[in-house]
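Each chain is listed here by its residues.
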Amino acid sequence: MPGASESGEPGPGASGTGARDDQAGAGAGAGAEAGAGWRQAGVVCAVLGLATLAVVVVTTPWRALPPSAPYVAPDPARDFTPAEIARAAAFDAATTAPAYLSLGLSLLFAGLLVLTPVGARLLGRLRGPWWVRVVLGVLLLTALVEAVRWPLGMWAETVLRAYGLSTQDWAAWSADRVKGIGVNAAVLAVAMIAVVGLARKVRRWWIPAAAGAFALTVALSFVYPVVVEPLYNDFRPMPQGPLRTGLLQMAARDGVPVEDVLVADASRRTTALNAYVSGFGATRRIVVYDTLLRAPAPQVELVVAHELGHARNGDVLDGTLVGALGAAAGTALLYLAFQLVRRRAGVASAADPRAVGVLVGLMSLATVLSGPALNLVSRHVEARADVHALDLTRDPATFVAMQKRLAITNIADLSPDAVEYALYASHPSTPERIALARAWARLNGVPAP
C-alpha cells in the first residue's frame, strides 16, 4: 500500500497543515479503534480464561479418596532402603543443575526477545516473501536456543547413562532430539504463519487466531498417536498369550474399548518402565514398553489399569478441552501482551515478520509460567487414576510392589523439594502414591501392605 511500510509504519506523505490535520485525525481514530480492540481482547481473554478455569475446577478430581480415608503421612524410609534413598537423592542432585540451567537460559532468551529489540534486529536481516521470513525466523530462533541448550542436554544424557537409565548411543540420542525439535518448530511455524498472516489481513487478528488455536490443539491431540508417536518408537502387536488376554479382558471389564495391545521398543533408548493408553475410538490401544514386560504380570496389569483409568474418566478429552480453551484464551492474552511490549521489542505490529521474535518469546514465557498450574492439575488426575487401578484390581499389595519397582528402576525422586515439585512433577511422588494405596486399603477393608 503506498505511503505505508509492511510493518505498519507511516511512509512519506504530503506536507502542509492540512496533511498534518488529517494525520492527527487519523491518529485519533486509530487510537480509539485500538482502544476498542484492546477492551474487546481483554473481555474475550477474561471470558475464555474463566471458562478454562471452570472446566478445570469441574473436571479435576481434587480429592482422590473421601475425606474419611485414613491417610498416613508419606515416608520413604518405610519402603526404601537407605541405599535406595541415597541413590535417588544423588541422581536428583546430578540432574537438577542441567535442568535449572536449561530453564534459566530459556527464560533469558525469551526475555531478550520480549524486552529488547535483539530479535527484531536479528530477524530483520532475513529476506524473501513475508511467509518465508516467518518460517526462517522460527527456524533461526529455534536453532539459536537449541544450540545453547544442546550441551546441557548432553550433560543430562551423560548422567542418565552413568545411572544406567539410557541405552542410546550419541547418534540415536541426537536423532531423537532433532525429531523433537523439528516437530516443535513445525507446529510453531504453522502458528506464526497464521498469526502474522491474519494480522496482515484483519485488524483484530486475535479473533480468528484464537479460533485457530482452539482447532489446532484439538487436531494435534487426535493426530499425535498416529503421526508423532511412531517417530520415536516402533510398535508391534503383543504376542498372543496370557498377558495380552488378561489386559484385553481387564479393559473389557472396565468398559474401555481397546483395539489392540502394542509393545513399544523403548529398550533401545531407556531402561525405564512405562505403559499408556493412546488414541481415541478406532485408534485407541494399550501400549506397553518392552522394558515393563520384565516385571511380573500382575504388576504390568496394575500399570495398565492405571492407564485405563485415564481413558475411563476421559482425562485425555478433558485435557484436550482445557488445552484448547487455554490456547484460545492465551491467543487473546498474547495480543494484549504484544501491544504492551511491541515498541520495546522494536516492532510496530504483528503483521511484521520481525514480530515472530517477540511472539515466540511471549509464548515461551507463558509456557513456563503455566507449568506449575498444569502440574498441580495433573497430579490430582494421576491420583484418581491410581485409585481407579486399585478399584479395578483390588490388589494394594501388588500396587505398592509395582510403585517400588517403578521408583527403583526409574530412579524417582523420593523426597522432591517444593520448587522442583511445582516445576516438574506431573505425578505424585512415589511415597505419596504408596500412602494413597494404604489409605484405600483401610477404607475398603483390605489388608494394608
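What you see is a predicted model; the values in this text were computed from it and never measured.

Novice: Provide a residue-level description of the sheet that holds strand E1 (residues 235–237), including the pertinent values.
Specialist: One open sheet accounts for four strands, arranged E1-E2-E4-E3; its pairing is mixed. Strands at the two margins of the open sheet, each flanked by one partner only, are E1 and strand E3 (275–278). Adjacent strand axes in the sheet meet at a mean angle of 30 degrees when their direction is disregarded. Bridge count between E3 and strand E4 (residues 285–289): four bridges; the pairing is antiparallel. Looking across to E4, one finds that Ser278 is bridged to Arg285. Strands in contact with helix H9 (residues 242–254) are E1, strand E2 (260–264) and E4; relative to E2, the strand with the most contacts, it is inclined by about 130 degrees. Packing of helix H10 (residues 297–312) onto the sheet brings it into contact with E3 and E4, and relative to E3 it is tilted by some 30 degrees.

Novice: Break down the domain arrangement of the protein for me, citing the residues and quoting the values.
Specialist: When cut into domains, the protein gives domain 1 (41–61 + 72–234 + 309–444) and domain 2 (235–308). The centre of domain 1, based on its C-alpha atoms, is set 25 Å off from the matching centre of domain 2. Residue-level contacts link 38 residues of domain 1 with 37 residues of domain 2. At the boundary of domain 1 with domain 2, total buried surface from both sides reaches about 3100 Å², with 56% on carbon and sulfur atoms.

Novice: I'd like a rundown of the packing of helix H7 (residues 206–227) against helix H11 (residues 315–345), residues and numbers included.
Specialist: One can describe the packing of H7 onto H11 by two numbers: an axis separation of 8 Å at closest approach and a directional angle of 155 degrees. Taken together, the axes of H7 and H11 lie roughly antiparallel to each other. The interaxial crossing formed by H7 with H11 has right-handed handedness. Where H7 abuts H11, its residues Trp206, Ala209, Ala210, Ala213, Phe214, Thr217, Val218 and Ser221 lie against Val316, Thr320, Leu321, Gly323, Ala324, Leu325, Ala327, Ala328, Thr331, Ala332 and Tyr335. Its residues assigned to classes, the contact of H7 with H11 comprises 14 nonpolar, five polar and no charged.

Novice: Any details on the packing of aromatic side chains? Residues and values, ideally.
Specialist: Scanning the model with the defined rule gives six aromatic pairs in all. Between Tyr100 and Tyr424, the aromatic rings sit 6.1 Å apart at their centres with planes inclined by 50 degrees, giving tilted as the arrangement. Of this pair, Tyr100 sits in helix H3 (residues 82–115) while Tyr424 sits in helix H14 (residues 418–424), and the two are 324 residues apart along the sequence. A relative accessible area of 40% means that Tyr424 is categorised as partly exposed. Arranged with centres 6.0 Å apart and planes meeting at 40 degrees, the rings of Trp206 and Tyr335 form a pair that is tilted. Note that Trp206 is positioned in helix H7 and Tyr335 in helix H11, a separation of 129 residues in sequence. Classification of Trp206 as buried rests on a relative accessible area of 2%. You can call Tyr335 buried: its relative accessible area is 8%. In textbook terms, an aromatic cluster arises when at least three aromatic residues are bridged by ring pairs, as seen for Trp150, Trp170 and Trp173. Taking NZ or CZ as reference, Arg161 lies 3.8 Å from the ring centre of Trp170, over its face.

Novice: Can you break down the pattern of salt bridges residue by residue, with the values?
Specialist: Following the criterion strictly, the structure yields 13 salt bridges and no others. Residue Asp260 is joined to Arg244 by a salt bridge in which the shortest nitrogen-to-oxygen separation is 2.9 Å. With Asp260 in strand E2 and Arg244 in helix H9, this pair connects stretches of sequence that are 16 residues apart. Per residue, the accessibility class of Asp260 equals that of Arg244, and both read buried. The shortest N-O distance in the salt bridge between Asp352 and Arg354 comes to 2.7 Å.

About the cut-offs
- Residue numbers here run from 1 along each chain, matching the order of that chain's written sequence.
- The predicted nature of this model means local features are confined to residues of pLDDT at least 70 and side-chain atom pairs, given and counted, to a pLDDT of 80 or more, with totals for whole chains, interfaces and linings taken over all residues.
- Side-chain metrics in this entry use all non-hydrogen atoms of the structure; hydrogen atoms and water are not considered.
- Being paired, for any two strands, means DSSP has found at least two bridges between them.
- To qualify as a helix, a DSSP run of H or I must reach at least 4 residues; to qualify as a strand, a run of E must reach at least 2; elements of each kind are numbered from the N terminus.
- Comment: axis = line fitted to C-alpha atoms, over the contacting stretch for helices; angle = value between 0 and 180 degrees taken between N-to-C directions.
- Contacts are assigned to residue pairs with any non-hydrogen atoms lying within 4.5 Å of each other.
- An automatic or database domain assignment supplies the residue ranges for each domain.
- Summed over both partners, the accessible surface that disappears when two parts come together, traced with a 1.4 Å probe, is what is meant by buried area.
- These descriptions rest on fixed angle ranges, namely under 35 degrees for roughly parallel, over 145 for roughly antiparallel, 65 to 115 for roughly perpendicular, and the rest for oblique.
- Two helices crossing with the near one rotated counterclockwise from the far one by less than a right angle form a left-handed crossing, whereas a clockwise rotation gives a right-handed crossing.
- Only Asp, Glu, Lys and Arg are considered charged in this grouping, and only Ala, Val, Leu, Ile, Met, Phe, Trp, Tyr, Cys and Pro are considered nonpolar; every other residue, Gly among them, is considered polar.
- Side-chain rings of Phe, Tyr and Trp (the six-membered ring for Trp) are treated as a pair once their centres are within 6.5 Å; stacked means planes under 30 degrees apart, edge-to-face means over 60, and tilted covers the remaining angles.
- Burial here depends on accessible area, computed with a 1.4 Å probe over protein chains only, as a share of the maximum for the residue type. Under 20% is buried, over 50% is exposed, and the range in between is partly exposed.
- Working rule: Lys NZ or Arg CZ, within 6 Å of ring centre, within 35 degrees of ring normal, means a charge sits over the ring.
- A carboxyl oxygen of Asp or Glu within 4 Å of a side-chain nitrogen of Lys or Arg is what we treat as a salt bridge.

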